[in-house]
Structure formats: C-alpha cells, structure tokens
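One letter stands for each residue in the lines below.
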Amino acid sequence: MHVPKLPELLASKPLYYKEIDHERIHHAYDRLKPHIRRPQTVHIVGTNGKGSTGRIIAHLALHGKLEMTVGHYTSPHILKFNERIWLNGADASDEVLERAHERLYGILGEAMSEGLSYFEYTTLLALVVFEHCDLMVLEAGLGGEYDATNVCEKELSVFTPIGIDHQAFLGENIEEIAATKLRSIQPGGQALIAPQPYPETVEVAKEIAKERNSTLYFAKTLNSQLSTLNFPPGWPHFLIENAQVAMQALDLLHIPYDPSSLESLELFGRFYPLLPNLRIDVGHNPLAARALVGAMEADTVLIYNSLDDKDYEAVLDILKPKLKRIEIILIDSQRAATRKMIETAVEATELPYRYFDGTIDSEEHYLVFGSFYVVEAVLRTLGIRSEE
C-alpha cells in the first residue's frame with residue numbers, strides 16, 4: 001500500500017464541510033483504539049481560552065514534581081502544522097509526525113484515511129503521537145459533543161468561557177450552544193466549569209451533569225498562589241484567570257505542580273509581544289474582545305480583518321475606546337469578509353483607517369486581532385513566513 005507523505009495527504013483534504021458525517025470519526029477510532037494506549041486525558045471545550053488553558057495545564061504538568069511526559073493537541077496553527085501537536089515542551093518534529101502518520105495510515109487503511117476530514121485525521125494522528133505520554137490534553141475544535149476530540153474517554157472535561165459563536169454549527173442562542181459543548185461531558189465523569197459570561201451556561205451544565213450522573217466543579221476566580229508570581233511580561237487578567245482554572249484542573253487530577261514554572265511559559269498568539277510595541281492575539285469574537293480591551297494600551301493601532309461569520313461590528317465597538325486608528329489587512333480565506341463589509345464596519349466606528357502596508361512605527365502601540373488568518377497574514381507581511 002502506498003502511503004502518501006503527511007503534508008500531501010493533508011493538502012488533499014478540504015478544511016471545511018457543509019455537512020459533516022459525525023459517525024465517521026467513531027468508526028475510525030474504533031479501528032485505531034486496539035492498537036494504541038490512551039494516556040490520562042483532559043478534554044478542553046469552550047469558545048475562548050481553550051488554547052491557553054490547555055497549554056498552561058500541559059506546561060505545569062510537564063514541569064511538575066512527577067516528571068510527567070505530556071502532549072497537547074490544539075488548533076488551528078499559525079505558522080506550521082507542527083504547532084498543533086505539542087510534545088514535552090516543543091512542537092512535534094516532522095520525523096515524529098511522519099512516523100505516526102505512517103502507522104496511523106497503515107492501521108486505518110487507504111479508504112478510511114482518505115475519507116477522514118483534515119481535523120479528524122489530525123486528531124487521530126495526535127492520539128498516536130501521544131500514546132506513550134502520561135498526560136494528554138485535547139482541545140476541541142469549534143464543537144463539543146460531535147467534535148472529533150470527543151471520541152475517546154477522558155478523566156476530566158474543562159469548560160472555558162462559552163459565548164455566541166459558530167451559530168450555524170452549534171445553535172442560535174447561548175443555551176443551544178452551551179448544550180452542544182457541554183454534552184461532551186462523559187457519563188459518570190467529572191467536569192470543571194470556568195467562570196462563565198452567561199449564567200444560562202451554568203444552568204445548562206447542571207442539567208446535563210444530572211442527566212449523565214457526572215460531577216461538576218466550578219472554578220474559583222481567586223488563588224493565593226498567584227499573587228506572588230511573576231507572570232510573563234504583559235500577561236492580561238484573562239490569562240491569569242485561565243491559569244487559575246488550569247491549576248484547579250490539575251488539583252482535581254491530583255497532579256502536583258510548581259506555579260513558578262509559569263514564569264517560563266510563552267503563549268504565542270495570545271496577547272503575545274511579537275515586538276516591543278506589537279502584540280498578536282488570535283481572538284476573533286466579542287467575548288475575546290471584552291477579555292482583551294482592559295489590557296490594551298490607550299491609543300492602540302488595531303491591525304484587523306475578520307471572517308464573514310463573526311460579529312465584527314460588535315468586536316470593533318468593544319475595542320473602540322482604546323483605539324487610535326484601524327489598519328485593515330487582507331486575509332487569504334474563502335470565509336473572509338469582503339472589503340466592502342469590513343470597510344463599512346470600520347467606517348461606523350468613525351475612527352481613521354487605512355490598509356496595512358507592513359509599516360510599524362516605533363512610537364506607536366499595535367494590536368493584531370481578528371483570527372489566526374489575520375495573525376498569519378501580518379507575520380507574512382513582516383517577513384516571518386510559514387515553513388509549510
């Protein structure tokens with residue numbers, strides 16, 4: 001059987017489907033399951049904060065007292081596919097990924113491997129890469145109940161803040177969206193609920209947990225351990241809250257950790273200082289904007305664009321009090337909002353605007369915000385290019 005190289009196989013798969021076969025991933029996992037070992041598993045589900053919360057859990061466990069081996073699966077990537085599969089403190093190497101791919105493709109067979117979606121195949125690839133780990137942290141994509149990451153059992157589900165997003169897939173209101181995500185709670189399992197922006201989410205969680213005989217824990221927002229820590233420079237309040245949730249998740253799993261190890265953690269893409277006066281953040285919805293605005297400098301220059309299914313008018317309205325002007329950057333996606341749509345939304349702010357030409361003024365503060373696509377476009381414009 002000819003096994004295509006991993007980049008070749010992934011390039012042949014569409015990133016998005018109008019209709020999704022929810023059974024396909026389960027059939028594939030049933031075939032894979034007898035051949036691999038499943039580590040202790042944490043499943044991260046939510047709208048915002050999944051990536052940072054998951055990485056903090058993985059980082060703390062890796063640098064804790066038990067000398068654990070740890071894997072963290074996240075998506076999407078910014079510069080290179082390897083970012084999605086983090087193993088013991090670094091992105092998995094091309095060689096590790098290729099070996100895991102050859103094994104996975106051989107187990108599933110050509111027809112099943114070719115038939116899986118990009119996200120489904122890469123999720124199973126991560127399970128192969130992580131099979132010898134002590135702990136595996138799996139970040140859900142946009143869903144929960146039907147997400148590819150929900151195929152395996154888990155010791156703990158962690159629900160980060162749930163907001164209004166991806167309505168076409170998840171539901172039209174917060175109750176429906178929360179239910180879709182929260183139904184990933186394992187029957188008889190345990191779940192940690194981060195502080196939620198909508199009280200309806202808490203009620204939905206209680207109902208679903210009762211139906212499934214699952215145990216709910218609600219994360220506390222204060223942790224005395226954090227008051228004496230020196231966080232990485234510029235960490236905003238929302239990342240500190242995510243760290244609190246991550247530590248409480250490890251407490252539930254009885255995994256000891258050293259909070260001071262957070263001082264060495266970098267969260268690329270999460271209010272990350274790419275330059276002394278330029279931060280990048282992959283947030284893209286009003287919930288992310290509200291979390292971010294308090295940490296922004298006054299008179300920030302916003303480098304921005306959006307996908308067409310996002311509430312970019314609300315995002316711009318939330319960020320406006322901290323903005324000096326807006327610079328629109330073009331992004332390469334079939335789902336991008338049109339120039340006219342973005343221009344209309346930007347003009348409604350009554351702020352000065354122009355198109356981003358790659359110029360960064362050392363006397364001004366910049367924020368790149370809008371999605372992974374926006375961050376990637378800016379990095380390319382500034383000469384930091386994808387290696388794919």
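Above this text is the structure in question.
Rules used throughout
- Numbering of residues begins from 1 in every chain and follows the order in which that chain's sequence is written.
- Thresholds applied to this predicted model are a pLDDT of at least 70 for local features of residues and 80 or more for the giving and counting of side-chain atom pairs; totals over whole chains, interfaces and linings are not thresholded and use all residues.
- Derived side-chain values reflect all non-hydrogen atoms in the structure, with water molecules and hydrogen atoms excluded from consideration.
- Numbered from the N terminus, helices here are DSSP runs of H or I no shorter than four residues, and strands are runs of E no shorter than two.
- Buried means the residue's accessible area, taken with a 1.4 Å probe over protein chains only, is under 20% of the maximum for its type, while exposed means over 50%, and partly exposed covers the values in between.
- For this analysis, a nonpolar core means a set of buried residues of the types Ala, Val, Leu, Ile, Met, Phe, Trp, Tyr and Cys, connected via side-chain atoms within 4.5 Å.
- Residue contacts follow a heavy-atom distance rule, with two residues in contact if any of their heavy atoms lie within 4.5 Å.
- Two strands are counted as paired when DSSP detects at least two bridges linking them.

A. Unusual backbone geometry, seen in detail. In this structure, the amide linkage connecting serine 75 to the following residue, proline 76, adopts the cis form with an omega of -10°. Note that proline 76 resides in the loop between strand 2 (70-73) and strand 3 (85-87). Although it is not a glycine, glutamate 67 sits at a positive phi angle of roughly 55°. If you trace the backbone, glutamate 67 turns up in the loop between helix 3 (50-62) and strand 2. Look at glutamate 67 and you get exposed, because its relative accessible area is 69%.

B. A look at the nonpolar core. Core analysis: the largest hydrophobic core is formed by 57 residues, its most contacted members being Ile56, Ile57, Leu135, Val158, Leu302, Leu319 and Phe369. Sorting elements by how many residues they give to this core places helix 10 (residues 237-252) first, with nine residues. Here valine 158 is in contact with Val42, His43, Ile44, Val45, Thr53, Ile57, Leu192, Val245 and Ala249, once residues within four sequence places are set aside. In this structure, Leu10, Ala92, Ala126 and Leu127 belong to the second largest nonpolar core, which totals 36 residues.

C. Region of interest: the pairing of strand 5 (residues 135-139). Across the five residues of strand 5, five count as buried, placing the element largely inside the fold. Here strand 5 shows two buried faces, one formed by Leu135, Val137 and Glu139 and the other by Met136 and Leu138. Alignment of strand 1 (residues 40-45) against strand 5, held across five bridges, turns out to be parallel. Residue pairing across strands places valine 42 opposite valine 137, the latter belonging to strand 5. The pairing of strand 2 with strand 5 spans four bridges and is classified as parallel. Within the sheet, the bridge partner assigned to histidine 72 lies in strand 5 and is valine 137.

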